[in-house]
Amino acid sequence: MASFLDPLIAFVSAHPWLAYLALFLAAWLEAVPVAGAVIPGSTIILALSALVPGGELRLEPVLAAAISGALLGDGTAFWIGHRAQRKILDAWPMSNYPRLIAQSEAFFHRWGALAVFFARFVPPIRAFVPITAGALGMPPPRFYAVNIPAILLWAAAHVLPGVLAVSALHQYAGISRHTGVGKHYWMLAVAGGALIIALATWAIRRWRGRSMIKPTAEKTRGDFRQDSEVSSRRAPPS
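One structure accompanies this document, and this report is about it. (Residues numbered from 1 in each chain as written. Predicted model: local features only at pLDDT ≥ 70, side-chain atom pairs only at ≥ 80, totals over all residues. Heavy atoms only, no water.)

**Notes on the nonpolar core**
Where a protein is soluble and globular, its nonpolar side chains tend to be buried together. Ranked by internal contacts, the top residues of the largest apolar core, which has 28 residues, are Leu23, Ile45, Leu51, Leu57, Val62, Trp154 and Met187. Put simply, the parts of the chain that give this core at least two residues each are α1 (2–14), α2 (16–30), α3 (41–48), α4 (59–84), α8 (140–172) and α9 (181–207). Per-element tally for this core: the top contributor is α8, with 6 residues. Residues contacting Trp154, with those up to four places away along its chain left out, are Ala27, Glu30, Ser42, Ile45, Ala66, Ala70, Arg120, Phe121 and Arg126. (Core = buried A, V, L, I, M, F, W, Y, C linked by side-chain atoms within 4.5 Å. Buried < 20%, exposed > 50% of the residue type's maximum accessible area, 1.4 Å probe, protein only. Helix = DSSP H or I, 4+ residues; strand = E, 2+ residues; numbered from the N terminus. Contact = heavy atoms within 4.5 Å.)

**Comments concerning unusual backbone geometry**
Although it is not a glycine, Gln85 sits at a positive phi angle of roughly 60°. Topologically, Gln85 is positioned in the loop between α4 and α5 (98–111).

**A short note on a nonpolar patch on the surface**
Together, Trp17, Leu21 and Leu25 make up a nonpolar patch on the protein surface, roughly 290 Å² of accessible area in all. On the secondary structure map, Leu25 appears in helix α2. (Patch = residues over 30% accessible without salt bridge, like charges linked within 9 Å, V, L, I, M, F, W, Y side chains within 5 Å. Areas by Shrake-Rupley, 256 points an atom, 1.4 Å probe, with all protein chains shown as cover. Salt bridge = Lys/Arg side-chain N within 4 Å of Asp/Glu carboxyl O.)

**Topic: the environment of Leu136**
Tracing the backbone through its elements, the reader meets Leu136 in the loop between α7 (129–135) and α8. Here the alpha-carbon distance between Leu136 and Phe108, two residues 28 residues apart in the chain, equals 9.1 Å. Setting aside chain neighbours within four positions, we find Leu136 in contact with Arg86, Glu105, Phe108 and His109.

**Section: the layout of surface pockets**
One number sums up the size of the second largest pocket: a volume of about 160 Å³. Taken together, 13 residues line the second largest pocket, and the ones lying closest to its centre are Val32, Pro33, Ala77, Ile80 and Ile131. Per-element tally for the lining of the second largest pocket: the top contributor is α4, with 4 residues. Looking at the lining of the second largest pocket, its residues break down into 11 nonpolar, 2 polar and no charged. (1 Å grid on protein atoms, 1.4 Å probe; cavity = no way out; pocket = protein on both sides within 12 Å on 5 of 7 lines; lining within 4 Å. Points joined across faces, edges and corners; volume = space filled by probe spheres on them. Nonpolar A, V, L, I, M, F, W, Y, C, P; charged D, E, K, R; others polar.)

**A few points about α8**
Compared with an ideal rise of 1.5 Å per residue, which puts 33 residues at 48 Å, α8 spans 47 Å between its outermost C-alpha atoms and is within 8% of the ideal. The sharpest bend along α8 reaches about 30° and sits at Leu160, with the proline Pro161 one to four residues further on. (Expected span 1.5 Å × (residues − 1). Bend = angle between axes of the 7 residues up to and from the residue.)

This is how it looks when you write it as structure tokens:
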């Protein structure tokens, strides 16, 4: 793996603007409905953050790229939903993911404005909640009042762990900054963790025996509404 990572690190060191662009695109695409469910944006940001301690990348532009990409992605999705209203949730390609749309609606109805905050940290729902918030008529000032703090915290949570981990390896584990081993450890750990999570998610979905025939969005929403009504009837009076 070192033979693969070393040329990559050398390339990034020689062309840092491409790394900042990759960070921006990763954060932006991860916020795009449908695409955000499959783009490993978080993995890319976590991995590239390892290049900050060695000086290949600078912390401020890394954070700026991640924040601006997420703001653009979430904001674009919200305004598309805000202008198109409910019909966008049943249009292609959203209609191919009725369960995620229904889960996003249920998440939004349960948490209200806080759903926009929490969804930023819950893949793949974070790719659907902004457009759902717009489609359900959330006022833009309220959306941005919650979305901007969430993105600031999300960016820090994705960039700082790599910076701190690699710095700690250099300082406390006796690994020289010139060898690049600290970067290798972190990048391999991130890639391995992402692979394990992906395989575990696939296995859980397969074990749960999801139907081969996708339900319609309206049917899925109806199932959620029916479950909510049943839960309300069962709830003891206050």
